[in-house]
Amino acid sequence: MTDKTSTPRPSMEDIISLCKRRGFIFQGSEIYGGLAGTWDYGPFGVTLRNNVRNLWWKRFVEDREDMYGIDAAILMNQNVWKASGHVAGFSDPLVEDAKTKKRYRADHLLEEAGVDVKGMSLAGMSAAMKEKGIKSPDGNALGEVRQFNMMFKTNVGATEDETSVSYLRPETAGGMFVNYKNVVDSIHPKLPFGLAQIGKAFRNEIAPRDFIFRLRELEQMEIEYFVDPKDWEKVFESFRSEMHAFTKDIGLAPAHVHELEVADGDRAHYSKRTIDFEFDYPFGKKELYGLAYRTDFDLSAHTKGSGVDLSYFDEETKTRLTPHVIEPSFGVERTVLAILTESYTEDTLGSEAGAEGAEKRIYLKFPPRIAPVKVAVFPLLKNKPQLVEKARDVFSMLKKELASHGVYGAMFDDNGNIGKRYRRQDEIGTPFCVTIDFDTLGETADLKDTVTLRNRDTGEQQRIALDALTDYVLNAIV
Ligand code: GAP
């Protein structure tokens, strides 16, 4: 078997081009020239995302007894973001091109020039830019480094004054902190417990880039886990291993996932400890997820900001405390990009590379549980009505039986010749293709009601009885 960790990484061009070609991801507003930092999901992309979300929800919510779902509004009272510190402090360092007025991330320009910006102040960055003689990408002089707030500001209602200001949430976390008391009062969970939410967040990134890596509209899967302060380290460690387990669920090789202990001065304003989970993307090792110890920062800040007491009364010990928070945070798009990077494979089928008859192909080695299409059903020839009719019957049977186990993703495909169908299904990562041929119809008596089942990764085909098909696919998906 090939060692996954040693296969060459695909380039971003390889991934972007496959995503467009096969209907996974398109540039947002493409026919109008696009809108930077936004991407739209096509049919297979939508299913891939849903599968990622469902897997996450299953592991972190459904399989546990201490987690409660939340779906809060994206628009929130502006005081939420004042109290949380985002109005004052959710910013990136920015420099402006003196001539074109285009803005750039100062830390990115410095890093590209080989400067380690960790813990550097704004003044320090300005000085380093001058010392290195860094110019804008257009070759012009740059101004001083200053902070740029990344929240998208809007007005709610007909008036446009300070009182109607609202923000598109920059993280889903806020919606969970403001609903903490609602859950405590309605469900009465015992500490420790968590709130979990999947939803959109928005950041006016100065420099969106690297396809779906740095976005202006993104989706997060987040947990705010409330603990007695004395237990925070134990809980932090347990989520640390759960996060690694999730990266394995989605098929990332452990050798491609790294931890970075975020240094003092580089952490978000609310965090006392953060571990970034980094992944080997085609453009380098970059943040995939974050695990933060937010202390009682948020509940205390919202108690102060709202005037509503967000402490917790422990009925057993008859004591009152403000819980501390452990926050595992996952970006959906960074997950999708990591999966695409890990799964993208090029090989040669049919014979040894270079030999006659060798056939180069690209395939996505998705773990079956996240593959958008689990099984594709083909008639061998599309102009033979008996084959098409039988293939349609097999497809309907498979679709229905899989659905009865909560599994979706059976597809009927009779487009082009069989070779083209295999290539297409390989490129969308379909683990199994089933072909209905004349033997299925009984041309060879003892092969009646058997089909050809092709394995995506090996290209090998086996004959399997129709009544064993559903179980075969189900067993591979778990
Ligand atoms: N509530 C904590 C929080 O929002 P963060 O490190 O700013 O922490 C968490 O974001 C995760 O959200 C990141 O690890 C990443 O997966 C994703 N993320 C953050 N900013 C992003 C962006 N501009 N584009 C895509 N994903 C992003």
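The structure this text deals with has already been given above.
Within any chain, residue numbers begin from 1 and follow the written order of that chain's sequence. Where totals are concerned, whole chains, interfaces and linings use all residues; where local detail is concerned, this predicted model gives features only for residues with pLDDT of at least 70, and gives and counts side-chain atom pairs only at 80 or more. Remark: hydrogens and water are excluded; side-chain values derive from all non-hydrogen atoms of the structure.

## Examining the sheet that holds strand β21 (residues 410-412)
Across the sheet, which stays open at both edges, the five strands sit in the order β21-β20-β22-β23-β24 with mixed pairing between neighbours. Among the strands making up the open sheet, the edge pair consists of β21 and β24 (461-465). Along the sheet, successive strands turn relative to each other by an average axial angle of 30 degrees, direction set aside. When DSSP finds two or more bridges between a pair of strands, those strands are recorded as paired. Secondary structure follows DSSP: runs of H or I at least 4 residues long count as helices, runs of E at least 2 residues long count as strands, and numbering of each begins at the N terminus. Between N-to-C directions, angles span 0 to 180 degrees; the directions come from axes that are lines fitted to C-alpha atoms, helices contributing only their stretch in contact.

## A few points about the packing of aromatic side chains
Stacked, tilted and edge-to-face pairs are distinguished by plane angle, under 30 degrees for stacked and over 60 for edge-to-face with tilted covering the rest, among Phe, Tyr and Trp rings (Trp via its six-membered ring) whose centres lie within 6.5 Å. In total, this model carries 26 aromatic pairs according to the counting rule given. Ring geometry for Trp232 against Tyr293: centres 3.8 Å apart, planes inclined by 5 degrees, an arrangement best described as stacked. A residue pair is termed long-range when its members are at least 10 positions apart, and Trp232 in helix α9 (residues 232-249) and Tyr293 in strand β14 (residues 284-295) qualify at 61 residues. Tyr293 matches Trp232 in its accessibility class, with the two residues each being buried. Pairing Tyr281 with Phe283 gives two aromatic rings, centres 5.3 Å apart and planes at 5 degrees, and the pair type is stacked. Relative accessibility under 20% of the residue-type maximum defines a buried residue, over 50% an exposed one, and the middle range a partly exposed one, all with a 1.4 Å probe and only protein chains included. Given the relative accessible area of 3%, Tyr281 is considered buried. Assessed through its relative accessible area of 23%, Phe283 is described here as partly exposed. By way of ring pairs, the aromatic residues Trp56, Trp57, Phe60, Phe246, Tyr289 and Phe330 are connected into one cluster. Note on geometry: a ring has a charge over it if NZ (lysine) or CZ (arginine) is within 6 Å of the ring centre and within 35 degrees of the ring normal. Positioned over the ring face of Tyr270 is Arg294, at 3.4 Å from the centre of the ring.

## Quick notes on the sheet that holds strand β10 (residues 193-202)
Paired through backbone hydrogen bonds, the strands of a sheet run either parallel or antiparallel to each other. The strand order across the open sheet formed by seven strands is β3-β10-β11-β17-β14-β13-β12, and the pairing between neighbours is mixed. Two strands bound the open sheet, and with one partner strand each, they are β3 (67-69) and β12 (257-261). Taken pair by pair, the neighbouring strands of this sheet meet at an average axis angle of 25 degrees, ignoring direction. Sheet analysis places strand β13 (residues 273-281) next to β14, joined by nine bridges and oriented antiparallel. Within β14, the residue paired with Phe277 across the bridge is Tyr289. Contacts between helix α8 (residues 180-187) and the sheet are confined to β3, β10 and β11 (217-227), with β10 contributing the most and set at about 140 degrees to the helix. Whether two residues are in contact is decided by their heavy atoms, any of which lying within 4.5 Å being enough.

## Observations concerning the site of the ligand
Here a residue is considered near a molecule or strand provided that any single heavy atom belonging to it is located within 4 Å of it. Close to the ligand lie 19 residues, the nearest being Glu171, Arg203, Glu222, Glu287 and Leu288. N or O atoms within 3.5 Å of each other form a polar contact, as long as, within protein, one can give a hydrogen and the other can take it, and as long as residues adjacent in sequence are counted only when both atoms are side-chain atoms. With respect to the ligand, the side chain of Glu171 contributes an N or O atom lying 2.5 Å from a nitrogen atom. One nitrogen or oxygen atom from the side chain of Glu205 is found 2.8 Å from a nitrogen atom belonging to the ligand. Across the complex, the protein chains shield 91% of the 550 Å² of accessible surface that the ligand would expose by itself. Breaking the shell around the ligand down by element, the ones donating at least two residues are β11, β14 and β17 (324-331). Here the shell around the ligand gets five residues from one element, more than from any other, and that element is β14. Classification used: nonpolar for Ala, Val, Leu, Ile, Met, Phe, Trp, Tyr, Cys and Pro, charged for Asp, Glu, Lys and Arg, polar for all others including Gly. Residue composition of the shell around the ligand, grouped by class: six nonpolar, four polar and nine charged. Calculation of accessible area relied on Shrake-Rupley with a 1.4 Å probe; when residues are assessed, cover is drawn exclusively from the protein chains displayed.

## Considering the packing of helix α1 (residues 12-21) against helix α11 (residues 332-343)
It is at 10 Å that the axes of α1 and α11 come closest, and there the two elements cross at 105 degrees. Taken together, the axes of α1 and α11 are roughly perpendicular relative to one another. In this structure, α1 contributes Met12, Ile15 and Cys19 to the contact, and α11 contributes Leu337, Leu340 and Thr341. Per-class residue counts for the contact of α1 with α11 are five nonpolar, one polar and no charged. Here is the rule for angles: anything less than 35 degrees is roughly parallel, anything more than 145 is roughly antiparallel, 65 through 115 is roughly perpendicular, and the remaining ranges are oblique.

## A few points about the pairing of strand β5 (residues 91-96)
In this sheet, strand β7 (residues 146-149) lies alongside β5 in antiparallel orientation, the contact comprising four bridges. Of the residues in β7, the one forming a bridge with Ser91 is Asn149. Count of turn residues in the β5/strand β6 (residues 103-105) antiparallel hairpin: six residues, of which Lys101 carries a positive phi of about 70 degrees.

## Brief notes about the pattern of salt bridges
Each salt bridge in this description consists of a side-chain nitrogen of Lys or Arg and a carboxyl oxygen of Asp or Glu lying within 4 Å of one another. As enumerated under the stated definition, the model contains 44 salt bridges in all. Glu342 serves as the salt-bridge partner of Arg9, at 3.7 Å between the closest nitrogen and oxygen. In this pair, Arg9 is assigned in the segment before α1 and Glu342 in helix α11, connecting sequence segments 333 residues apart. Across the salt bridge formed by Arg294 and Glu171, the nearest N and O atoms sit 3.1 Å from each other. Remark: Glu171 occurs in the loop between β9 (165-168) and α7 (173-177) and Arg294 occurs in strand β14; sequence separation between them is 123 residues.

Taken by themselves, the reported measurements are silent on function.
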